Every structure is written in structure tokens, then in C-alpha cells.
Amino acid sequence: MKTGRTTEQTISQGAKVHLLTSSQAALMLQVHESSIKRWCNASELSFQKTRGGHRRFLLEDLAKFSKDKNLFFPFKIFADDQMKLCDALLDYWQKKSLRSFTSVAKDWFHEQERLELLPELVGELYSIFEVPITVLCDELICGIMFETGLAWEKGFIRVGEEHMISQNMMAALFRLLEAIQEKRNASENHDSTESTPVVAVTGCSEGCFHEVGAFCSRLVLLELGWRVLHLGANVPITEFAAMQLKHKAGLVCISFVAPMRIADLFRTHASLAEKYDEEAPYMLVVGGGAISDLSEEENPLLGSDKDKVEPPECVIFKSFSEFDSWLQAEFSDREASTQSGVLQ
């Protein structure tokens, strides 16, 4: 047993070995922290000690121990990249960033059989390690899609490859949808009240066939307790208006990505304004690469004269973390319970 080490040891090759705390080791192995203590006291599990006497664990030691004891260990399905992903998880714990995961995933562009493992990856990150939906969507899902778009524009991948990557990304999002519903079903916070959940309509603008962004907004809303009517890709503007009115939705969330342009946003708003019912008020939330760089000066829907703009009020977000924060602030005084209604 080695003692007297610092919490981060530099090895001879110049790389750094990140050591885990007892609580992190327990989370990695999906056991109680008392089990970690017991195995250490019995000299079954190798560990190092800080100068302050705290136990620290090497990833490699935990991986070997989990195999010997037939315990859970994350990302087993990723084989050769397992330790790289575990190290990226430590990076997330320290920096709250999934850039390391995105960096690994970029290497999978030309390995379709590896991309098919993405649903398993995001499922573990969300269900086991509780990485927020917003972080997964912003940094991993959209990060990979951004890299995919660049690779396609530069001719590094074919259209067919871009489509396959997008399909695997949708499979990962469906896995997250399933995980959110599992989490809801397992919750012990149900009570007998019959409150009505706030309703949102989500989907992609007419002519837009890339659904990833709209689906991400669906997940963010579901996790906050909304009832979501997700319409999918290429939705006529009139259908957004009809569904909002029928279900008295408080939000209509529309994704605008290429080949959509800023003019499409103005046209959409004008069409929705024509059918706006003052007795069923709502806000229009939009996002996507086609409009993400739009400034207040360029957009009369957002500028100082927006009080003169016909409803619905339009809000633009560049990230799902920003969208999530706005939702919690804007609707904090409204019921978002899931006690009645069916999550979709």
C-alpha cells in the first residue's frame, strides 16, 4: 500500500494521473462509501493517501477491482476507450465540462459502429452520474453535431455519413427521453394534488429537417416538469398555432437551422401573430444556428421597439443552459407539475 502521495500524481511520460476520492470511487463502482472503506481496511482495494491522510484511488485500480469482484464499472461497452472516458468523467467532476467527451467522440466520425454506442454513453452519464440534460445537450450532443457540420462543409465526410451521425444522435436523445421517464416513474415525490402541468409545443420550422435541437428543448422542458407536445421536423407554421391554441400551451419552441434564414423567423412570427388569441397567451422561443447570432439591432422582435411588435413575445436562446435558467426564472410562479396529463 502506498501512502504520502498528493491527489494528483505526475507520471514519467508527462501525463497526469487523476485520483478519486472515496465518494467518487463509490459512485464509479455503484456501491456505498462504507463498502470502499471496508475493502480498504481489509487490504482488498489499493489506495494512496494524501498528506492529510485522505484515501485516493487510481482509475486503473478501481477498474481491476471491479473486474475481480464482478462490480459495475462505467463505460464497459467502450472497451479500448473505457479508461479515456472515465478520465473524461473526472475532468467533468473537476471542471463541470464535457469537452473531453466531445473530443473523444469526434474521433468516432468514421467509425459508425462506435457511434452506435452513443446512446449507452449518454444514458450512463445522465442516469448514473447525473450530468444535467443541459450540459449533455450543449457540450456533447450539439458539440458533436457542430463538428459534424464542419466536417461535412470541408468535405471530410459524405452526406450519407452526416446522416448516419445525425441518426445515432437521435438515438442518444431517445435514450435520454427514456431515462427522464424512468427517473420520473421512480420518483417518490408524488402527491395527491391534481394540478395541471404547463404545456409547451416543440418542433422544427417548415423546411427544417434537422430535429436534434428541437428534441433537446423537449428534454429540457420535460425534466422541469412540463407537458410537451413534440411535433418533430418540417412543421407548417399553422400547425404550431393550432396545437398551441388547442392545448393552451404557454410556450411554442421552434428550431431554425440551415437552410432556414432570419427572414424565416420574421415570416413565422408574422404568421403566428395573425392567429394569436389573447385568451390563450404564450411566448415564442426560438433557437438554432440560422438565428443564433442575431442581435437586438438586427431583430425588431428583440429591440427597444418590441412593445410595438404584435404578440407573441419572441425570445432567442443560444444554449440550452441559458434556456433552462430562463424557464426556471420566468415560470417559477407557475405550476409545472406532472401529476396530471401524459408526458409525451
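Preceding this section is the structure that the text describes.
Attention in this report is confined to the structure presented alongside it.

Conventions and cut-offs
- Residues numbered from 1 in each chain as written.
- Predicted model: local features only at pLDDT ≥ 70, side-chain atom pairs only at ≥ 80, totals over all residues.
- Heavy atoms only, no water.
- Buried < 20%, exposed > 50% of the residue type's maximum accessible area, 1.4 Å probe, protein only.
- Helix = DSSP H or I, 4+ residues; strand = E, 2+ residues; numbered from the N terminus.
- Pairing = 2+ DSSP bridges.
- Axes fitted to C-alpha atoms, helices over the stretch in contact; angles between N-to-C directions.
- Parallel < 35°, antiparallel > 145°, perpendicular 65-115°, else oblique.
- Contact = heavy atoms within 4.5 Å.
- Polar contact = N/O pair within 3.5 Å; in protein donor to acceptor, adjacent residues only side chain to side chain.
- Salt bridge = Lys/Arg side-chain N within 4 Å of Asp/Glu carboxyl O.

### Looking at the pairing of strand 9 (residues 313-317)
The buried count for strand 9 comes to four of five residues, which makes it a mostly enclosed element. In this structure, strand 8 (residues 283-287) lies alongside strand 9, joined through five bridges in parallel fashion. Each residue of the ladder has a partner; that of Gly 287, found in strand 9, is Phe 317.

### What to know about the packing of helix 4 (residues 82-95) against helix 5 (residues 99-106)
The contact between helix 4 and helix 5 brings their axes to 8 Å, and the two run at 155°. Judged on the interaxial angle alone, helix 5 and helix 4 are roughly antiparallel. Across the interface between the two elements, Lys 84, Leu 85, Ala 88, Leu 89 and Asp 91 from helix 4 touch Ser 100, Phe 101 and Val 104 from helix 5.

### Some words on the environment of Thr 202
Within the secondary structure, Thr 202 is located in strand 5 (residues 199-204). Look at Thr 202 and you get buried, because its relative accessible area is 0%. Spatially, the C-alpha atoms of Thr 202 and Val 252 are 6.0 Å apart, while their sequence positions differ by 50 residues. Ignoring any residue separated from it by four or fewer positions in sequence, one finds Thr 202 in contact with Ala 214, Ser 217, Arg 218, Leu 221, Val 228, Leu 229, His 230, Leu 231, Gly 232, Phe 240 and Cys 253. Separated by 2.7 Å, the side chains of Thr 202 and His 230 make a polar contact.

### Overview of the pattern of salt bridges
Applying the stated rule across the entire model yields seven salt bridges. Here Lys 183 ties to Glu 223 by a salt bridge, and the two come within 3.8 Å at their closest N and O atoms. Of this pair, Lys 183 sits in helix 9 (residues 159-186) while Glu 223 sits in helix 10 (residues 212-223), and the two are 40 residues apart along the sequence. With a shortest N-O distance of 3.2 Å, Arg 267 and Asp 264 are connected by a salt bridge.

### Examining the sheet that holds strand 6 (residues 227-230)
Pairing between the strands of a sheet is mediated by backbone hydrogen bonds and can be parallel or antiparallel. Read across the open sheet, the five strands follow the order 6-5-7-8-9; overall the sheet is parallel. At either end of the open sheet lies a strand with only one pairing partner, and these are strand 6 and strand 9. Between one strand axis and the next, the sheet turns through 20° on average, direction left out of account. Pairing of strand 5 with strand 6 involves four bridges; the strand directions are parallel. Looking at the pairing, Val 201 lines up with Leu 229 of strand 6. Relative to the sheet, helix 10 contacts strand 5, strand 6 and strand 7 (251-255), its axis offset from that of strand 5 by approximately 165°. Running at roughly 170° to strand 5, helix 11 (residues 237-247) makes contact with strand 5, strand 6 and strand 7 of the sheet.

### Brief notes about unusual backbone geometry
Here the amide bond leading from Pro 311 into Pro 312 is cis, since omega sits at 15°, within 30 degrees of zero. Mapping Pro 312 onto the fold places it in the loop between strand 8 and strand 9. One non-glycine residue, Phe 75, lies in the positive phi region at around 65°. Looking at the secondary structure, you find Phe 75 in the loop between helix 3 (59-69) and helix 4. For Lys 96, which is not a glycine, the phi torsion comes out positive at approximately 55°. Looking at where Lys 96 falls in the secondary structure, it is placed in the loop between helix 4 and helix 5.

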